Amino acid sequence: MTITHTVKSVTLQGMEAVPVEVEVEMTGGLFSISIVGLPDAAVKESKERVRAALRSVGLPLKGRVAVNLAPADLPKEGALLDLPIALAMMCSAGLLKPPEPALYMGELALDGRLRRVRGAVPAAFLARSEDMPLYVPAENAEEVALVKGVRAYAINDLRELVSILKEERKPVPVALSTVSEQPFTAEPNFRDIKGQAAARRAAEIAAAGHHNLLLVGSPGSGKTLIARALNGILPPLSDDELVETLLVRSTLGLPLEAGRRRPFRTVHFTASTVSICGGGSALRPGEVSLAHRGILFLDEFTEFRRDLTESLRAPLEDGQVVISRAAGTVTYPSRVLLVLAANPCACGNRGDPVEKCVCSSLELERYRRKLSGPILDRIDLQISVPRLLPEELLSFSGTAESSESIRERVCRARTMQQKRWAPHGFSCNAELPEKIVRSSLGISEETLKYLAGMAEKMRLSGRGISRVLKVARTIADLAGEAEIRTPHLAESLMYRRGVIGER
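This section reports on the structure supplied with the text.

The rules we used
Residues numbered from 1 in each chain as written. Predicted model: local features only at pLDDT ≥ 70, side-chain atom pairs only at ≥ 80, totals over all residues. Heavy atoms only, no water. Helix = DSSP H or I, 4+ residues; strand = E, 2+ residues; numbered from the N terminus. Buried < 20%, exposed > 50% of the residue type's maximum accessible area, 1.4 Å probe, protein only. Contact = heavy atoms within 4.5 Å. Areas by Shrake-Rupley, 256 points an atom, 1.4 Å probe, with all protein chains shown as cover. Lys, Arg positive; Asp, Glu negative; His and termini not counted. Charge placed at Lys NZ, Arg CZ, Asp CG, Glu CD. Salt bridge = Lys/Arg side-chain N within 4 Å of Asp/Glu carboxyl O. Axes fitted to C-alpha atoms, helices over the stretch in contact; angles between N-to-C directions. Parallel < 35°, antiparallel > 145°, perpendicular 65-115°, else oblique. Left-handed = near helix turned anticlockwise from the far one by under 90°. Nonpolar A, V, L, I, M, F, W, Y, C, P; charged D, E, K, R; others polar. Pairing = 2+ DSSP bridges. 1 Å grid on protein atoms, 1.4 Å probe; cavity = no way out; pocket = protein on both sides within 12 Å on 5 of 7 lines; lining within 4 Å. Points joined across faces, edges and corners; volume = space filled by probe spheres on them. Core = buried A, V, L, I, M, F, W, Y, C linked by side-chain atoms within 4.5 Å. Phe/Tyr/Trp six-rings, centres within 6.5 Å; stacked < 30°, edge-to-face > 60°.

Within the protein chain, the secondary structure is distributed over 21 helices and 17 strands. A principal-axis box enclosing the C-alpha atoms of the protein chain has dimensions of 85 × 45 × 45 Å. Scored against the burial criterion, the 503 residues of the protein chain give a buried share of 52%. Counted over contacts in the protein chain with a minimum sequence separation of 6, partners at least 24 positions apart contribute 74%. Roughly 22,200 Å² of accessible area belongs to the protein chain as shown, and the carbon and sulfur atoms make up 52% of that amount. Placing the 66 positive and 60 negative side-chain charges of the protein chain at their respective mean positions leaves the two points 2 Å apart.

This is the structure in structure tokens:
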């Protein structure tokens, strides 16, 4: 009987890499391979990949092989354990000396090549905290290179790693790299949007403070166009924000995107709650996490199921999604700029200057109830997008302000917010907790009295008042003013009017 020394690897638990120890026992008898330690289907199937890959480096397996993945009560998932299992088998067979303490991960092809795996970035963070080197497939090198302070080595195939561990050649370290910002291109550009001055202004405020936005208008009025153009005026991702988005994409095995542009995710109304909020049997992040630090766009919002829209309440408020299942509890980030688009009524013509609304009072009330009060309470900016008349469309001169110039103001305002809130650990006005909103926003007594009167008149909740103040702070930032004044507050209150099913 031969027992190997431990080969270390990782498995994913949500977005966190958890250390795993791989042990192998090889004995005589009829050939068989068994894997224990709560492996999922991908790990169980690794025995076929590992056996073929070992044969490619001259190690045909014989006898009974038992693989133990410790800790035994932690579920293991994915094909990233192929490489450490193969190394443990080679050590057990006496082909290799026990390797140095390091983390190994990678999926093996039948000919011994290493394929890209999920979770390389979380594994890099674990290797850095454990002060151990990390061996990853060469296809994962680009994303691992963005993690500062990690000793990582990119490997192309099993034969190359064996020669490194036998000290026949030296590993090539993964050099630290950064993601540079790509040349600015806005498609669509606000220059191409005809009219809609109020909606353009609301989009600028939403981008500057990362505030949620609701666009309501007749079909063809330009709601979707404005939502897509909004992504073009957002500031680039900072270093910390880039790593946060990278963690989500690496957990799902998605490739790194070029540049520092913020995510823009659009979801159809037939989507399920799991696809948006995350979860499922394998506990994967959903669209709200993929849109972290960017935009989540829900077009035709009133057509989404009520349980799905209600499930967004906690992620919007907390900036994170906590998912509990029998397999465990995981947390995913969800700081999104939520953009909703909807028609004003069931027929879509309420308030339209051309078409007549044919909805009855009962239909109008039923349509209005599709948007719950708690969801609307979390939407900072609610704006109507009226359809333009033909003469207005034809008289458009094409001299509207471009996305480039709007983005300059947005970036300036966001920089002010980052400097102001950095000591508190926040990057924009929309993230501020209640205690900071009341104590540090910079608002005069006169303006507070005005707000108190309007809050009573508009029946604003405590959350509603807080969000009005945050939007007013963003409006003041866009104007370059240190104190929130009454005109800033008045404009902010204007965006809290109900715009769905207005009579």
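On to the pattern of salt bridges. Applying the stated rule across the entire model yields 32 salt bridges. Between D380 and R467 there is a salt bridge, with its nearest N and O atoms 2.8 Å apart. Linking D380 in the loop between helix 15 (373–377) and strand 17 (381–384) with R467 in helix 20 (residues 462–478), this pair joins segments that are 87 residues apart in sequence. Using a relative accessible area of 4% as the deciding quantity, one classes D380 as buried. Given the relative accessible area of 9%, R467 is considered buried.

On to the packing of helix 2 (residues 46–56) against helix 3 (residues 82–92). Interaxial distance between helix 2 and helix 3 falls to 10 Å at its minimum, and their mutual angle equals 55 degrees. Relative to helix 3, helix 2 is oriented oblique. Where helix 2 crosses over helix 3, the handedness of that crossing is right-handed. Note on element contacts: helix 3 touches helix 2 through D82, I85, A86, M89 and M90, opposite S46, R49, V50 and L54. Its residues assigned to classes, the contact of helix 2 with helix 3 comprises six nonpolar, one polar and two charged.

Next up on the list: the sheet that holds strand 16 (residues 337–342). Strand order across the open sheet formed by five strands is 12-13-16-11-17, with parallel pairing between neighbours. The sheet is open, and its two borders are formed by strand 12 (264–267) and strand 17, each paired with just one other strand. Across the sheet, the mean angle separating the axes of adjacent strands is 15 degrees when strand polarity is ignored.

Space inside the largest pocket adds up to approximately 370 Å³. Of the residues assigned to the lining of the largest pocket, the class counts are six nonpolar, five polar and nine charged.

As a further point, take the environment of S384. Mapping S384 onto the fold places it in strand 17. According to the relative accessible area criterion, S384 is partly exposed, its value standing at 32%. Taking the C-alpha atoms as reference points, S384 and L215, 169 residues apart in sequence, are found 6.0 Å from one another.

What follows deals with the nonpolar core. Counting residues in hydrophobic clusters, the biggest one holds 95 residues, and the most contacted among them are L54, V67, M89, L134, L158 and L298. Looking at this core, the element that brings in the most residues is helix 3, giving eight residues. The contacts of L54, once residues within four sequence positions are left out, are L59, L61, A86, M89, M90 and L158. In this structure, A206, I233, L234 and A341 belong to the second largest nonpolar core, which totals 32 residues.

Across the interface, helix 7 (residues 197–209) lies against helix 20 with an axial gap of 9 Å and an inter-helix angle of 95 degrees. On the basis of the axis angle, helix 7 is roughly perpendicular to helix 20. Residues R201, E204, I205, A208 and G209 of helix 7 form the contact with helix 20, whose own contacting residues are V471, T474, I475 and L478. Along the lines of polarity and charge, the residues of the contact of helix 7 with helix 20 split into five nonpolar, two polar and two charged.

Right, let's talk about the packing of aromatic side chains for a bit. Considering all chains together, one arrives at four aromatic pairs under this definition. Ring centres of Y104 and Y135 lie 5.0 Å apart, and the angle between their planes is 10 degrees; on these two criteria the pair is classed as stacked. Here Y135 lies in strand 9 (residues 134–137) and Y104 lies in strand 6 (residues 103–104), a separation of 31 residues in the sequence. Owing to a relative accessible area of 2%, Y135 belongs among the buried residues under this scheme. Taking the centre distance of 6.1 Å and the plane angle of 35 degrees together, the rings of F301 and F304 count as tilted. You can call F304 buried: its relative accessible area is 5%. Three or more aromatic residues link up through ring pairs in this structure, and these residues are Y104, Y135 and Y153.

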